[in-house]
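Observations on the three-dimensional arrangement
Chain residues, written in single-letter form:
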Amino acid sequence: MSKARIGIVTVSDRASVGIYEDLSGKAIIDTLNAYLTSAWEPVYQVIPDEQEQIEATLIRLADQEQCSLIVTTGGTGPAKRDVTPEATEAVCDRMMPGFGELMRAESLKFVPTAILSRQTAGLRGSSLIVNLPGKPKSIRECLDAVFPAIPYCIDLMEGPYLECDETVIKPFRPKK
C-alpha cells in the first residue's frame, strides 16, 4: 500500500521570509500525525500571500505531487493580502462549501471574529483542498470538526485509504 501524500501549505508573507517561525504548518503536521495511523508523507511549503504563487503551488501539489489532500493555513481573513480562498476557488473544479461552513460554526464557539474567516474547500482532480485559519489553536479546532468526513471524501475520489487512531478522531464511513 502506497503512502498518502498530503500537501501542507502555509500562506504567510512574514513566515515565508523567516521573520517568524511557521507554527501553523507544524500544527497541521502534528495534528495529522495524531490522527493518522496509515503511512503518509507531508509535502510542505511556506509561501507568501501572492495569489498567483498560491494557485501555482496548489496546482503543483495536486497535479504533479499527487497529493490526495492539501491543507492550507493562512490568508483566509478580510485583510487585502488574504487571498487563499480566491486562489483555491480559481484552481478547483468543484467547491465543497460545507467545510468552511462547519469550520466557522465551530470557531464561533470560541471567538466572535470567526465570522470574518473565509476558509473554504474544493476539489481539483483527485485532490481535496481545505483552507484552514492561521492560528495553531484554531487549526486543531477546525480539523477536529471537519476531519471525520475527509477520509471518506478521499475514498470517493479513489485516493489512498486513510486509517485513523479512533481514540483521537473517528472518521465516518457508511456501513457497507
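Model, not experiment: these values are computed from the prediction. (Residues numbered from 1 in each chain as written. Predicted model: local features only at pLDDT ≥ 70, side-chain atom pairs only at ≥ 80, totals over all residues. Heavy atoms only, no water.)

1. Concerning the pattern of salt bridges
- A full pass over the atoms with the stated rule returns 13 salt bridges.
- We note a salt bridge from E41 to R5, for which the minimum N-O separation is 3.1 Å. One end of the pair, E41, is in strand β2 (residues 40–47); the other, R5, is in strand β1 (residues 4–11), with 36 residues separating them in the sequence.
- Since its relative accessible area comes to 30%, E41 is described here as partly exposed.
- With a shortest N-O distance of 3.8 Å, E21 and K26 are connected by a salt bridge.
- Look at E21 and you get exposed, because its relative accessible area is 51%.
- Linked by salt bridges that have partners in common, R5, E41, R60 and E65 make up one network. (Salt bridge = Lys/Arg side-chain N within 4 Å of Asp/Glu carboxyl O. Helix = DSSP H or I, 4+ residues; strand = E, 2+ residues; numbered from the N terminus. Buried < 20%, exposed > 50% of the residue type's maximum accessible area, 1.4 Å probe, protein only.)

2. Things to note about the UniProt feature "domain: MoaB/Mog" (unreviewed entry) in the protein
- Feature annotation in UniProt places "domain: MoaB/Mog" (unreviewed entry) on residues 7–153, given in this structure's numbering.
- In the segment residues 7–153, helix accounts for 45% and strand for 20%; the C-alpha atoms at its two ends are 16 Å apart. (UniProt positions renumbered as here; feature names shortened; annotations may be inferred.)

3. Digging into the packing of aromatic side chains
- Applying the stated rule across the entire model yields one aromatic pair.
- Between Y35 and F147, the aromatic rings sit 4.8 Å apart at their centres with planes inclined by 45 degrees, giving tilted as the arrangement. One end of the pair, Y35, is in helix α2 (residues 23–35); the other, F147, is in the loop between α6 (136–146) and α7 (150–156), with 112 residues separating them in the sequence. Per residue, the accessibility class of Y35 equals that of F147, and both read buried.
- The lysine or arginine in question, R173, covers the ring of Y161, its NZ or CZ lying 3.8 Å from the ring centre. (Phe/Tyr/Trp six-rings, centres within 6.5 Å; stacked < 30°, edge-to-face > 60°. Lys NZ or Arg CZ within 6 Å of the ring centre and 35° of its normal.)

4. Details of unusual backbone geometry
- Notably, Q66 is not glycine yet its phi reads approximately 60 degrees, a positive angle.
- Checked against the element boundaries, Q66 lands in the loop between α3 (51–64) and β3 (69–73).

5. Digging into the pairing of β3
- Among the five residues in β3, five count as buried, and that is most of the element.
- Residues L69, V71 and T73 point to one face of β3 and I70 and T72 to the other, with burial holding for every one of them.
- Relative to β3, β1 runs parallel, the two being bridged by five bridges. Pairing of T10 across the sheet is with T73, part of β3.
- As paired strands, β3 and strand β6 (residues 127–132) are joined by five bridges and run parallel to one another. When the bridges of β6 are listed, V71 appears paired with V130. (Pairing = 2+ DSSP bridges.)

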